[in-house]
Amino acid sequence: MLNITSSDPVLSIVVVSYNTREMTLECLRSIVAETRIPYEVIVVDNDSNDGSAEAIAAEFPTFVLMAETENHGFAKANNIAAQRARGEYLLLLNPDTVVLDGALDKLVSFAERRPAARIWGGRTLYGDRSLNVTNCWRRMTLWGLTSQVLGLNSIFRDSAIFNPEGYGGWPRDTEREVDIVTGCLLLIRRSFWEELGGFDLCFRMYGEEADLCLRARAYGARPLMTPGVEIVHYKGASEKVRADKLVRLMRGKISLLDVHMTGLAHPVGRLLLSLWPLSRAVYSTLLGRRESARTWREVWSRRGEWRDGWPRDIATSPVTAKAV
């Protein structure tokens, strides 16, 4: 049951922003408009140069704003914010989201009804309100990686057999246990977050919530997704150069595989994952998709940047915030 006092928030909402001023403001406005349970908002601005911090401070003076002097990436910024949190629940919310129809209240109520899950997520939509299936994923497997390299997950996107990692064919219209709830809308009890130690800082960007959920499952968590909670997720607003984004994605996936795939599956899985950009470049070329082929060729040519994943020795020294 919720433990509510007059001074404590039930929910601590963490938003990490980087050069997404207007979207971040829209997100924060939707929180205010749609949330009724006691809450606090902690915004970490990763040294944006678009006036995000100043605009947030001006419009939302009661929110906790941490205007950082460097870009920490997603994992470290969330860990920093979580140290300031006071709520019983911790919610990770992307800045390129819009809360719909009391979604955060409903998500906490869902968590109260299904406490054994220990991590909870909801349904995400694109700006036109069509389904965005990136709200949850299945863990990497050798078969999933094989389907990915062969392009079967794209050809048969709606197949649970050929697109296992994306839960192909499931329109996110039922409650379901999932392996991974993505970090654009991830609810967890703050005490459990602390027990897990938050995000592993080796995952500077991409893979951090997957690692968290897989570690949580080892502690007995069974993450749940509910269709009764909906938000808009515009997706990827802070990264404009697609090849750069894909290089970071590959680094995150390699690191995730190194940590969570063991035994003989590990070298085979690594080989399959490493071939994915090459196979995408080939298929895009054969299909006449010149821009996509050019992007994937660039990712393949930059494999020296991603083949070892993220370094495991990222510093965890305290950071300083500038006053706004």
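Everything below is about the structure printed above this text.
Residues numbered from 1 in each chain as written. Predicted model: local features only at pLDDT ≥ 70, side-chain atom pairs only at ≥ 80, totals over all residues. Heavy atoms only, no water.

## Quick notes on the overall build of the protein
For the record, the criterion: The helix count covers DSSP runs of H or I at least four residues long, the strand count covers runs of E at least two residues long, and both are numbered beginning at the N terminus. Here the globule rule reads 2.2 Å times residues to the power 0.38, and the radius of gyration is calculated from C-alpha atoms. Relative accessibility thresholds used throughout: buried, under 20% of the residue-type maximum; exposed, over 50%; partly exposed, between the two (1.4 Å probe, protein chains only). Contact between two residues is taken to exist if any of their heavy atoms lie within 4.5 Å; hydrogens are not considered. With residues, only the protein chains shown are counted as cover, and all accessible areas are computed by Shrake-Rupley using a 1.4 Å probe.
Each helix and strand counted, the protein has 12 helices and 12 strands in total. Taken against the 2.2 N^0.38 rule, which gives 20 Å for 324 residues, the C-alpha radius of gyration of the protein at 19 Å falls within 12% of a compact globule. Based on the C-alpha atoms only, the size of the protein along its principal axes is roughly 60 × 40 × 40 Å. Within the protein, the proportion of its 324 residues that are buried is 52%. When contacts within the protein are restricted to residue pairs at least 6 apart in sequence, long-range pairs at least 24 apart make up 78% of them. Total accessible area on the protein is roughly 14600 Å²; 53% of this is exposed by carbon and sulfur atoms.

## Some remarks on the side chain of Thr24
Considering the arrangement of structural elements, one finds Thr24 in helix H1 (residues 21-34). Those residues in contact with Thr24 that sit more than four places away from it in its chain are Ser17, Ile56 and Pro95.

## Section: the nonpolar core
Selection rule: Remark: nonpolar core denotes a set of buried residues (Ala, Val, Leu, Ile, Met, Phe, Trp, Tyr, Cys) joined through side-chain atoms within 4.5 Å.
Ranked by size, the top nonpolar core spans 55 residues in total, and within it Leu90, Leu186, Ile188, Trp193, Leu273 and Val299 carry the most contacts. It is helix H9 (residues 242-260) that provides the largest number of residues to this core, a total of seven residues. In this structure Ile188 touches Tyr89, Leu90, Arg118, Ile119, Trp120, Trp193 and Leu196, once residues within four positions along its chain are discounted. Within the second largest apolar cluster, 32 residues are counted, among which are Val15, Val43, Phe60 and Ile231.

## Some remarks on the environment of Asp45
If you trace the backbone, Asp45 turns up in strand E2 (residues 39-45). Residue Asp45 is classed as buried on the basis of its relative accessible area, which comes to 1%. Taking the C-alpha atoms as reference points, Asp45 and Ala67, separated by 22 residues in sequence, lie 4.9 Å from one another. Among all residues touching Asp45, those that are not within four sequence positions of it are Ser17, Ser52, Ala53, Met66, Ala67 and Glu68.

## Some words on the environment of Arg86
Checked against the element boundaries, Arg86 lands in the loop between helix H3 (73-82) and strand E4 (89-93). You can call Arg86 partly exposed: its relative accessible area is 44%. For the pair Arg86 and Arg190, spaced 104 residues apart in sequence, the C-alpha to C-alpha distance is 8.3 Å.

## Here's the deal with the pairing of strand E1 (residues 11-17)
Consecutive residues of a regular strand have side chains that alternate between opposite faces of the sheet. In plain terms, the rule: Should DSSP find at least two bridges between two strands, the strands are taken to pair. By convention, orient the strands away from the viewer: a clockwise path from the first strand over the helix to the second makes the crossover right-handed.
The buried fraction of E1 is high, at seven of seven residues. Burial along E1 is two-sided: the residues Leu11, Ile13, Val15 and Ser17 and Ser12, Val14 and Val16 are all buried. Where E1 lies against E2, seven bridges are found, and the strand directions are parallel. Bridged to Val16 within E2 is Val44. Traced from E1 through H1 to E2, the parallel crossover comes out right-handed.

## A look at the packing of aromatic side chains
Going by this rule: Pairing of aromatic rings covers Phe, Tyr and Trp, the last counted by its six-membered ring, and requires centre-to-centre distances within 6.5 Å; plane angles under 30 degrees mean stacked, over 60 mean edge-to-face, and any other angle means tilted. Ring-over charges, as used throughout, are those where CZ of Arg or NZ of Lys falls within 6 Å of the ring centre and within 35 degrees of the ring normal.
As enumerated under the stated definition, the model contains nine aromatic pairs in all. Between the aromatic rings of Phe156 and Phe162, the centroid separation amounts to 5.1 Å while the plane-to-plane angle is 35°, which identifies the pairing as tilted. Every member of this aromatic cluster is reached through a ring pair, and the members are Phe74, Trp193 and Phe199. Above the ring of Phe192, the side-chain terminus of Arg118 is found at 3.7 Å from the ring centroid. The ring of Trp300 has Arg303 sitting right over it, with the charged end atom 4.3 Å from the ring centre.

## A closer look at the packing of helix H10 (residues 265-286) against helix H11 (residues 290-301)
Using the following cut-off: Geometry is summarised by axes, namely lines fitted to C-alpha atoms with helices restricted to the contacting stretch, and by angles between N-to-C directions that run from 0 to 180 degrees. Roughly parallel means an angle under 35 degrees; roughly antiparallel, over 145; roughly perpendicular, 65 to 115; everything else is oblique. A crossing counts as left-handed when the near helix is turned anticlockwise from the far one by less than a right angle, and as right-handed when that turn is clockwise. Under this grouping Gly is polar, as are all residues other than the nonpolar Ala, Val, Leu, Ile, Met, Phe, Trp, Tyr, Cys and Pro and the charged Asp, Glu, Lys and Arg.
Packing of H10 against H11 brings their axes to within 8 Å, and their N-to-C directions diverge by 155°. In terms of orientation, H10 and H11 fall into the roughly antiparallel class. Note that H10 runs across H11; the crossing there is left-handed. Across the interface between the two elements, Ser274, Trp276, Pro277, Leu278, Arg280, Ala281, Ser284 and Thr285 from H10 touch Ser292, Ala293, Trp296, Arg297, Val299 and Trp300 from H11. Broken down by class, the residue content of the contact of H10 with H11 amounts to eight nonpolar, four polar and two charged.

## Here's the deal with unusual backbone geometry
Phi is positive for Arg118, which is not a glycine, with a value near 75°. For Arg118, the position within the fold is in the loop between helix H4 (103-113) and strand E6 (119-125). According to the relative accessible area criterion, Arg118 is partly exposed, its value standing at 26%. For Tyr167, which is not glycine, the phi dihedral falls at a positive 50°.

Function cannot be read off these values alone, since they describe shape.
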